[in-house]
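Chain and residue survey
Each chain is listed here by its residues.
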Amino acid sequence: MAHRVDPETSKSVTAIYPGSFDPVTNGHLDLIERGAMIFDRLIVAIAQNLEKDPLFAVKERVDMLEAVTYNWKNVEVDVFDGLLMDYAREKNALVVLRGIRAVSDYEYELQMAMMNRKIEPQIETVFMMPAIQYSYLSSRLVKELARLGGPVKDLVPPLVEERLRSRVK
Ligand code: ADP
């Protein structure tokens, strides 16, 4: 039977995927791909003031994210300042997407999700798990590895590998 959308009940779901993305890794991309399949619109949102001493400027992070998400037509890249819930309301988002890699992520993410729910009960935090090979991967680890001259080839897209190499040498 053909799939039909009931105009009375159908709705378009926007999700926000917030983070520092300093820089974007294959783990982030794994989550973006999963999110883009499920949500109608996915906004990857770089938090301006989250990291005190970022390796890449916000503009550079936007450029890298835009380049590596180009093929997903329902994915956008944006920057936000201040409270995530204010930004999510402004974008009419119903969902905040977050990644859980290991049990160690859980406690912090639970706290944040509960605080965000208290601020805005209408917006739901949805957690997704990356493919197992990315479950140990973080931007922090990638930066450390790059600084020490270690191999980051399978951990970040080629463009990011290039930028990392020229940044840390
Ligand atoms: P933050 O600075 O808020 O931790 P990050 O940019 O590191 O932001 O990550 C943004 C989101 O992506 C977080 O929900 C984080 O758990 C998730 N994430 C980061 N790395 C991975 C990964 N390798 N696999 C799945 N999710 C990840």
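Everything numeric here is computed off the predicted structure, so don't read it as measured data.

What surrounds the ligand is a group of 16 residues, the closest being Y17, S20, G99, Y134 and L137. One of the side-chain N or O atoms of H28 is found 3.2 Å from an oxygen atom in the ligand. Residue G99 places a main-chain N or O atom 2.7 Å away from an oxygen atom belonging to the ligand. Of all the elements in the fold, those that place two or more residues in the shell around the ligand are strand 1 (14–19), helix 1 (26–38) and strand 4 (95–99).

This next bit is on the sheet that holds strand 5 (residues 124–128). Sheet architecture is open: 5 strands sit in the order 3-2-1-4-5, paired in parallel fashion. Only two strands of the sheet have a single partner each, and these edge strands are strand 3 (75–80) and strand 5. For this sheet, the mean angle separating the axes of adjacent strands, direction not counted, is 30°. In terms of strand pairing, strand 2 (residues 41–47) meets strand 3 through 6 bridges, oriented parallel. Across the sheet, I43 pairs through a bridge with E76, a residue of strand 3. Along the sheet face, helix 2 (residues 58–68) touches strand 2 and strand 3 and points at about 155° away from the line of strand 2. Strands strand 4 and strand 5 of the sheet are contacted by helix 4 (residues 103–119), whose axis makes an angle of about 170° with strand 4.

Here we take up the environment of D22. Relative to the assigned elements, D22 resides in the loop between strand 1 and helix 1. Residue D22 is classed as buried on the basis of its relative accessible area of 1%. There is a polar contact of 2.9 Å between the side chain of D22 and the backbone nitrogen of L55.

The rules we used
Residues numbered from 1 in each chain as written. Predicted model: local features only at pLDDT ≥ 70, side-chain atom pairs only at ≥ 80, totals over all residues. Heavy atoms only, no water. Near = heavy atom within 4 Å. Polar contact = N/O pair within 3.5 Å; in protein donor to acceptor, adjacent residues only side chain to side chain. Helix = DSSP H or I, 4+ residues; strand = E, 2+ residues; numbered from the N terminus. Pairing = 2+ DSSP bridges. Axes fitted to C-alpha atoms, helices over the stretch in contact; angles between N-to-C directions. Contact = heavy atoms within 4.5 Å. Buried < 20%, exposed > 50% of the residue type's maximum accessible area, 1.4 Å probe, protein only.

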